[in-house]
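For reference, the chains in residue letters:
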Amino acid sequence: MLNARQMSSQLAPSHLSNDDTDTRSLDVRVHNSPILSDDSNSVAVLFRCANGHFLQATVESKNGLDNGVFDTVSFLTPESLVRVTARSVAHDTDFDITPIELCDIHYLSAAKTPGAYSNVLHGASGEVLASIQSRTKLIEERLDNRLLDARVPATAAIFKLFSGVHELAVEYLKLHDFYHVPTPALVGYEFPGEEDDLFTVPYFGRTARLAPTGEIHLGMALSADLERVYDFHTVFRREPVSDGRHLTEFTMLELVFNLQHSWIEILDFADSLLVSLLHSLQSQDKYTALTNTAKRLYPLAGTFKLGLGKSGKLPRIRFNEAKTLLRDFIGIESDDDKDFTRSEEAALGRFLASEESHVSPPTDIFFITHFPKHLRSCNIYPSDEQDDTTQSFDVILRGQECVTGCRLLHSAEDLAAAFANRPHPIEPETPEWRPYMTAHEIGMPPWGGFGLGINRLVQGFLGLEDIRETVLFPRDAARLLP
């Protein structure tokens, strides 16, 4: 028994000849309602393979076949899953549609007659593919009917590329001696002044929170002498708006490790990991095939620019340099005391991706480093340059932040002082913060790391407008189903 990918490949025109009499079996979806001829002596139906290829069959009522085949085909309902046995026939029509001679057919799962939702994104021959604007407007309806929507190969390709990022990242981390440490999704700590950012849940007479990050527990793992650890996991943020940019539940790759010399080790490792991931997505056959499939609905897929400098690394721009770019080269007045707005990130992204950029070869990804202290967490290591900056960075990918990284304080005394000096102080002796303080008191190594938002990486790589496209079952402020 061949799967859909194998059979549709073998049934493609390049494999056909007039004397091709091989019969093959595969499982396919019924794409449309069967069309009965005017004299009721033949019926035509279009089948759809999982990879987007179509098979066209016309069955005659008096063609020598068991009449049961004709009767079965006549009453097929769209989206039903059937097993067909067929042989291909030579033709000169669209490559995406292969005419077949249907020998046998059996129901595997009959679909009920579709309701109001009509999937218009498969783009079979003769079907008008909705415009990009229309597809954007369809997003809520598509998410409400996500399983049918995910049968569109271009949509499924997004999820498969997401899985590919996971595969590639884990492989890369394994090569660099990282250990996977699962971090808890239920935590007891909270950040004073940021309570509204977390989800709380009752927990056996206590209050627990859904973890917004794995950094706290990964850091404690370093105090246990695990040296290089990561978690690829779901995290939660109480994002109150549904804007296509934020999710309440999303996937992060977070990693931390012991530092040997300086925080530049964190920058260099983030650089090498990202370049490796993106280069693999752009060069390995199975990922380029998925990107090409996605391109049918998402025109920016396959256009990502990985611009590297002469050193083979991504561009690195200091925070104050990025502010100067905004003012002097892009024409946006930007306050040096404030973080980048969404529109400023997007403007920087467009500028560095353009031929006008003098910073580097055109690129859709770059670093911004040395953020001011007042814009970063209290436990981030200050810069060695005796200024008001920190050993921290963001990575901007297609105009939005997708990575945040830094070196973190490892001295228990420094950490306690930083907690006390927060605008909303953290009391280190409270039960929820005591384990983290203990990890520092018993000898925390110099350390740091970063968090990579996988949803934003996939969104930016493919040029998707809405981040919910990256998740089979997305969750945001407005969506708890399906």
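Our subject is the structure that appears above.
Residues numbered from 1 in each chain as written. Predicted model: local features only at pLDDT ≥ 70, side-chain atom pairs only at ≥ 80, totals over all residues. Heavy atoms only, no water.

### Comments concerning the overall build of the protein chain
- Each helix and strand in the protein chain was counted, giving 14 helices and 17 strands.
- When its C-alpha atoms are laid out on the principal axes, the protein chain stretches across 90 × 60 × 40 Å.
- The proportion of buried residues among the 482 residues of the protein chain is 48%.
- For the protein chain, contacts bridging at least 24 residues in sequence account for 65% of all contacts bridging at least 6.
- If you average the places of the 44 positive and of the 68 negative side-chain charges in the protein chain, the two averages end up 2 Å apart. (Helix = DSSP H or I, 4+ residues; strand = E, 2+ residues; numbered from the N terminus. Buried < 20%, exposed > 50% of the residue type's maximum accessible area, 1.4 Å probe, protein only. Contact = heavy atoms within 4.5 Å. Lys, Arg positive; Asp, Glu negative; His and termini not counted. Charge placed at Lys NZ, Arg CZ, Asp CG, Glu CD.)

### Here's the deal with the packing of aromatic side chains
- Per the stated rule, a full pass over the model turns up 17 aromatic pairs.
- Each ring, one from Tyr 189 and one from Phe 191, has its centre 5.6 Å from the other, and the planes form 75 degrees; the classification is edge-to-face.
- Its end group placed over the ring of Phe 367, Arg 316 keeps NZ or CZ at 5.6 Å from the ring centre.
- Above the face of the Phe 340 ring, Lys 323 is positioned so that its terminal group lies 4.8 Å from the ring centre. (Phe/Tyr/Trp six-rings, centres within 6.5 Å; stacked < 30°, edge-to-face > 60°. Lys NZ or Arg CZ within 6 Å of the ring centre and 35° of its normal.)

### Topic: helix H6 (residues 153-175)
- For H6, built from 23 residues, the straight-helix expectation of 33 Å at 1.5 Å per residue is met to within 8% by its first-to-last C-alpha distance of 32 Å.
- One or two positions beyond H6, positive phi appears at Asp 177, with a value near 65 degrees. (Expected span 1.5 Å × (residues − 1).)

### What about helix H9 (residues 285-295)?
- Among the residues of H9, those classed as buried are Tyr 287, Leu 290, Thr 291 and Ala 294. End-on, the buried residues of H9 take up no more than an arc of 100 degrees, which puts them together on one face. Exposed and facing more than 90 degrees away from the buried side of H9 are Asp 285 and Asn 292. (Arc of directions from axis to C-beta.)

### A few points about the sheet that holds strand E9 (residues 200-203)
- The sheet built from three strands is open, its strands ordered E8-E10-E9 with antiparallel pairing. Pairing within the sheet leaves two strands with one partner each, and these edge strands are strand E8 (186-187) and E9.
- The sheet contact formed by E8 and strand E10 (residues 206-210) spans two bridges and is antiparallel. Bridged to Leu 186 within E10 is Leu 210. (Pairing = 2+ DSSP bridges.)

### A short note on the pattern of salt bridges
- Under the defined criterion, the tally for this structure stands at 29 salt bridges.
- The residue Arg 142 makes a salt bridge to Asp 149 at a minimum N-O spacing of 2.7 Å.
- The closest approach of N and O atoms between Arg 209 and Glu 190, which form a salt bridge, is 3.2 Å. In this pair, Arg 209 sits in strand E10 while Glu 190 sits in the loop between E8 and E9, placing the two residues 19 residues apart along the sequence.
- Sharing partners across several salt bridges, the network here consists of Glu 140, Asp 144, Asp 466, Arg 468, Asp 476 and Arg 479. (Salt bridge = Lys/Arg side-chain N within 4 Å of Asp/Glu carboxyl O.)

By themselves, these are just geometric observations and shouldn't be taken as functional.
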